[in-house]
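# Analysis of the macromolecular model
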Amino acid sequence: LPKGLKKFIKGDYKQIDLANSQPYLLGQFLGQTLISYNSNTNNINTKPLCSYLNKKNGFEKFVSQTVTAISKMPQKEGSFINGELLNFNSSCLSGNFYDDFLTRLNDENVKRDDVKKMMFAVLFSKNENKIGFKRAIPFEKEKKMFAEVYPEIFWIVEQLKKYNHRNLPISLQKMEAYVFIDYIALKLVEIGIVPLTIHDSILVPKNDADEALKVIESVFKELFGVVPTFHNELLKSIS
């Protein structure tokens, strides 16, 4: 649903959305995959999200590719988990990823909206375009900016998009749909709250918002082990 049309929805609704959702999902996917994956048995543990990643059509192979990519990193896995990935995920959990990135980058010419556009470029675009015998990097400026702050995560992202740049964003979108539709929407309906789902957010009647938020937080605690930051706003006040 285009953002400009939300104000025409009848009734008093609140929108509850996951702050900095794409960076959050990326960090959690990398962390859960790496920590949960047992290289000896080639199996994911039995936590709901991990089981989903292992069994869902198309995910098992992608999880394996992710582990392979991380294992080939110049730096050791443990150092990566406790260093760059920890900082990345902490920033996402606080809901301040974009502002925190600006602080880490320390470039006054880069604004918050530039960081948002940068994440879409890093996650969704091809690694390179071939034009005849020449090779060009799409969104090269944005990618260099991300790599300056998170070089190891950028390296993994590039590896995951190496053969098909759609694999990573599609996997993140499937993960998002699983969390918000298969899990959150179902649990809300079970207690009598019928939500409208919009990617990384839900719309619920204003009077149900507090109860819905409790359900959402419990789902994230169950699936990810942590509760991230959510925005809880009246729909008609969102510009």
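A brief structural summary. (Residues numbered from 1 in each chain as written. Predicted model: local features only at pLDDT ≥ 70, side-chain atom pairs only at ≥ 80, totals over all residues. Heavy atoms only, no water.)

### Side note on unusual backbone geometry
Backbone geometry places Asn20, a non-glycine residue, at a positive phi of 35°. Looking at the element boundaries, Asn20 is found in the loop between β1 (13–18) and α1 (21–36). In the Ramachandran plot, Phe139 falls in the positive-phi region, its phi being about 55° despite a non-glycine side chain. Looking at the secondary structure, you find Phe139 in the loop between β3 (134–136) and α8 (140–149). (Helix = DSSP H or I, 4+ residues; strand = E, 2+ residues; numbered from the N terminus.)

### Re the pairing of strand β5 (residues 201–205)
Counting buried positions over the five residues of β5 gives four, a clear majority of the element. Looking at chain direction, β1 and β5 are connected through five bridges and run antiparallel. Each bridged residue has a counterpart across the sheet, and for Lys14 the counterpart in β5 is Val204. In this structure, strand β4 (residues 196–198) lies alongside β5, joined through three bridges in antiparallel fashion. By the bridge assignment, Leu196 is partnered in β5 with Leu203. Counting the residues that bridge the hairpin from β4 to β5 gives two residues, and of these His199 lies at a positive phi of roughly 55°. (Buried < 20%, exposed > 50% of the residue type's maximum accessible area, 1.4 Å probe, protein only. Pairing = 2+ DSSP bridges.)

### Considerations on helix α6 (residues 97–105)
Along α6, the residues classified as buried are Phe97, Tyr98, Phe101 and Leu105. Summarising the axial view, the buried residues of α6 lie within an arc of 95°, below the 170-degree limit, and thus occupy one face. Immediately beyond the C-terminal end of α6, within one or two residues, lies Asn106, with a positive phi of roughly 55°. (Arc of directions from axis to C-beta.)

### Remarks on the sheet that holds β5
Taken in spatial order, the four strands line up as β4-β5-β1-β6 in an open sheet, and their pairing is antiparallel. Looking at the sheet topology across the chains shown, the edges are occupied by β4 and β6 (230–234). For this sheet the average axis-to-axis angle between neighbouring strands, irrespective of direction, equals 20°. On the sheet, helix α11 (residues 209–224) packs against β1, β5 and β6 and is oriented at approximately 165° with respect to β6. (Axes fitted to C-alpha atoms, helices over the stretch in contact; angles between N-to-C directions. Contact = heavy atoms within 4.5 Å.)

Geometric values such as these leave the question of function open.
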